[in-house]
Amino acid sequence: MSEKVIDISNLNAFYGELHILQNVSLHACKGEVVSLLGRNGAGKTTLLKSVFGIGPRRKGSIRINGTETTRLPPHKIAKLGLAYCPEERGIFADLTVAENMYLPPALRQGGLGPDEIDQMFPNLRERWKTGGAKLSGGEQQMLSIARILRAGADILLLDEPSEGLAPAIIKQIAQLVVRLKARGMTILLVEQNLSFAKVMSDRYYVIDSGIIRNEFDRAQVLDDPGVVQRYLSL
Amino acid sequence: MEIFGVPLNLLLSQVMLGLINGSFYAMLSLGLCIIFGMLDIVNFAHGAMYMMGAFFTWMLGHYLGIGYWPSLILAPLLVGVIAIVIERVLVRHLYDLHHIYGLLLTFGLVLVIVGIFRGFYSVSGKPYPIPEALTGVTNIGFMYMPTYRLWVLGASIVVCFGTWLLIERTRLGATLRAAIERPDLVATFGINVPRMITLTFAFGSALAALSGVLAAPIYPVNPLMGESIIVVVFAVVVIGGLGSIIGSIIGGFVLGTLEGLTKVYYPEASHISIFIVMMIVLLVTRSGIAGK
Ligand SMILES: Nc1ncnc2c1ncn2[C@@H]1O[C@H](COP(=O)(O)OP(=O)(O)O)[C@@H](O)[C@H]1O
Ligand SMILES: [Mg+2]
């Protein structure tokens, strides 16, 4: 088995007295796209925030490329190549596209150069001087991903990238994630949209009420999407 | 020529003098505003930083024979270092608590800092000479203006505008503004947000200290000098719109001028004019002129 890039074991997360995540264990190997599926309020966002140490209080172990990170501050975790695209995209309304793009400092070798950015995100260059507030949801999502690639991240935590977007845009985002996977990136994808996640996922975890309920591989879900879908629909 | 019975010359010279006071208001409220923006703390100790800037200038000269020009750099640096220690040791622990704790802590700091200086130097004013190169007066057309005061005005405009540029037009400033909005997200970009907060506190405090250095040759240097000016500066920040950089800069100059004009027409009210404006502005806008 190849090396585990993200390796979470027995993670518990708390907001105040609320025990949100309970003994969560999951992993993603190099170059894998692993999807974490679950309904609203299941604890998906809490999990991603826990990995980065922003927000909830945590207990348990989170290893990134073998380094235990539960005691590291977020800015040190970022230096391991990890990056996070929040559910609400995190585009700064007062900053232009260019300013948003250059906000994350280049942390490591191997970040996307300007040409690659232009090629992968053809729309962004035209909008370079536009304020973040004027971008469409799809453009915001693209920018949110582009800026962390520029900085050199190769382990991506994507929080519901397809949420609230039109089908045509969702298709573009899916193609983008497929290309990132082809570049060898490791991706932990949080989704409720199975038809989106199905395109690129190697494995699936299903979370409900902060507990991992089940685990599937690509073939199982392609064979019968119903095994996962029943956890998602009400 | 007269305006409302006051000769134009006299009026203009009061405007100029008001602008000098305004220079101090602008620099001080700018620092206060930056600290408020990044730390979300109403820093009562800001006046003490100003006082220390002036006092260190005097001490550097008195004990070490170091003159005005080196002090212009050294005093703000010293105060910056003190600010770093204060932020790391004390202020840092309050970020998750209600505003009132920051207010109480920094208020306590004022008592301690001012108390220390009073203990050593009592409250009598220490004279500080105007640097050689800036003595005398300069003809500015309608009046002879003390050269040193012109320097204060010019230096303040440059410092305020420079700070505005830094925050609004540079990548560092963009990072700072982003960190104010989403500290958690900016930290995931690999930026050391806690360090940025510390340095912001130090920078704002150093700005206050720089005003203190500029003040040393024209206001008596004494432990209480910060307290008398900071109350006015708080009013300026409120009028400019809490957290608005440009609001606090322009507010500082405009209100200094207004105060100067009040001195001409109704001297008795000059000290309260700014507070009257504050009340009116708050009643009308609820959040200051440039506030959100
Ligand atoms: N900041 C917070 N404080 C308290 N509870 C929270 C906070 N954020 C999320 N929660 C709670 O944690 C649970 C999981 O939320 P979340 O991780 O956002 O779910 P998901 O992303 O799967 O929709 C929910 O019950 C939510 O109410
Ligand atoms: Mg969520």
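For the structure, see preceding data.
In this report, the structure presented in the accompanying data block is examined. (Residues numbered from 1 in each chain as written. Chains lettered and ligands numbered in written order. Predicted model: local features only at pLDDT ≥ 70, side-chain atom pairs only at ≥ 80, totals over all residues. Heavy atoms only, no water.)

1. Focus on the overall build of chain A
Phase 1: Looking only at helices and strands, one finds 10 helices and 10 strands in chain A.
Phase 2: Its C-alpha atoms give chain A a radius of gyration of 17 Å, near enough to 17 Å, the size a compact globule of 234 residues would have.
Phase 3: Across its three principal directions, the C-alpha atoms of chain A cover 45 × 40 × 35 Å.
Phase 4: Looking at chain A as a whole, 51% of its 234 residues are labelled buried.
Phase 5: A sequence separation of at least 24 residues applies to 69% of the contacts in chain A between residues at least 6 apart.
Phase 6: Taken as a whole, chain A presents about 9,900 Å² of accessible surface, with 50% of it coming from carbon and sulfur.
Phase 7: Here chain A carries 29 positive and 25 negative side-chain charges, and the mean point of each set is 3 Å from the other. (Helix = DSSP H or I, 4+ residues; strand = E, 2+ residues; numbered from the N terminus. Rg over C-alpha atoms; globule rule 2.2 N^0.38 Å. Buried < 20%, exposed > 50% of the residue type's maximum accessible area, 1.4 Å probe, protein only. Contact = heavy atoms within 4.5 Å. Areas by Shrake-Rupley, 256 points an atom, 1.4 Å probe, with all protein chains shown as cover. Lys, Arg positive; Asp, Glu negative; His and termini not counted. Charge placed at Lys NZ, Arg CZ, Asp CG, Glu CD.)

2. Some thoughts on the site of ligand 1
Residue and element names in this part refer to chain A.
Phase 1: Ligand 1 sits among Tyr15, Leu18, Ile20, Arg39, Asn40, Gly41, Ala42, Gly43, Lys44, Thr45 and Thr46.
Phase 2: Note that an oxygen atom of ligand 1 is positioned 3.2 Å from one of the backbone N or O atoms of Ala42.
Phase 3: Separating an oxygen atom of ligand 1 from a side-chain N or O atom of Thr45 is a distance of 2.7 Å.
Phase 4: Coverage of ligand 1 by the protein amounts to 59% of the 560 Å² it exposes when considered alone.
Phase 5: Looking at the shell around ligand 1, the elements that each hand over two or more residues are β2 (18-29) and α1 (44-52).
Phase 6: Among the elements that take part in the shell around ligand 1, α1 stands out by supplying 3 residues, more than any other.
Phase 7: Of the residues assigned to the shell around ligand 1, the class counts are 4 nonpolar, 5 polar and 2 charged. (Near = heavy atom within 4 Å. Polar contact = N/O pair within 3.5 Å; in protein donor to acceptor, adjacent residues only side chain to side chain. Nonpolar A, V, L, I, M, F, W, Y, C, P; charged D, E, K, R; others polar.)

3. Describing the coordination of the magnesium ion (ligand 2)
All names here are of chain A.
Phase 1: Listed as protein donors to the magnesium ion (ligand 2) are Thr45 (OG1) and Glu87 (OE); their distances from the metal cover 1.9 to 2.3 Å. Of this pair, Thr45 sits in helix α1 while Glu87 sits in the loop between β6 (82-85) and α3 (97-101), placing them 42 residues apart in sequence.
Phase 2: The exposure class assigned to Glu87 is partly exposed, which follows from its relative accessible area of 21%. (Donors = N, O, S within 2.8 Å, 3.2 Å for Na, K, Ca; no water.)

4. Quick notes on the environment of Val227(A)
Phase 1: Mapped onto the elements of the fold, Val227(A) is located in helix α10 (residues 226-232).
Phase 2: On a C-alpha basis, the gap between Val227(A) and Phe216(A) in space is 8.6 Å, while along the polypeptide they are 11 residues apart.

5. Some thoughts on the sheet that holds strand β1 (residues 4-15) of chain A
Residue and element names in this part refer to chain A.
Phase 1: Ordered in space as β2-β1-β4-β5, the 4 strands form an open sheet in which the pairing is antiparallel. Two strands bound the open sheet, and with one partner strand each, they are β2 and β5 (67-68).
Phase 2: Two strands pair when backbone bridges link them, and strand β4 (residues 57-64) and β5 are joined in this way by 2 bridges, in the antiparallel orientation. Its bridge partner lying in β5, Arg63 is registered against Glu68.
Phase 3: Contacts from α1 reach β1, β2 and β4, with the element oriented near 110° to β1. (Pairing = 2+ DSSP bridges. Axes fitted to C-alpha atoms, helices over the stretch in contact; angles between N-to-C directions.)

Keep in mind that these numbers describe shape and distance, not what the molecule does.
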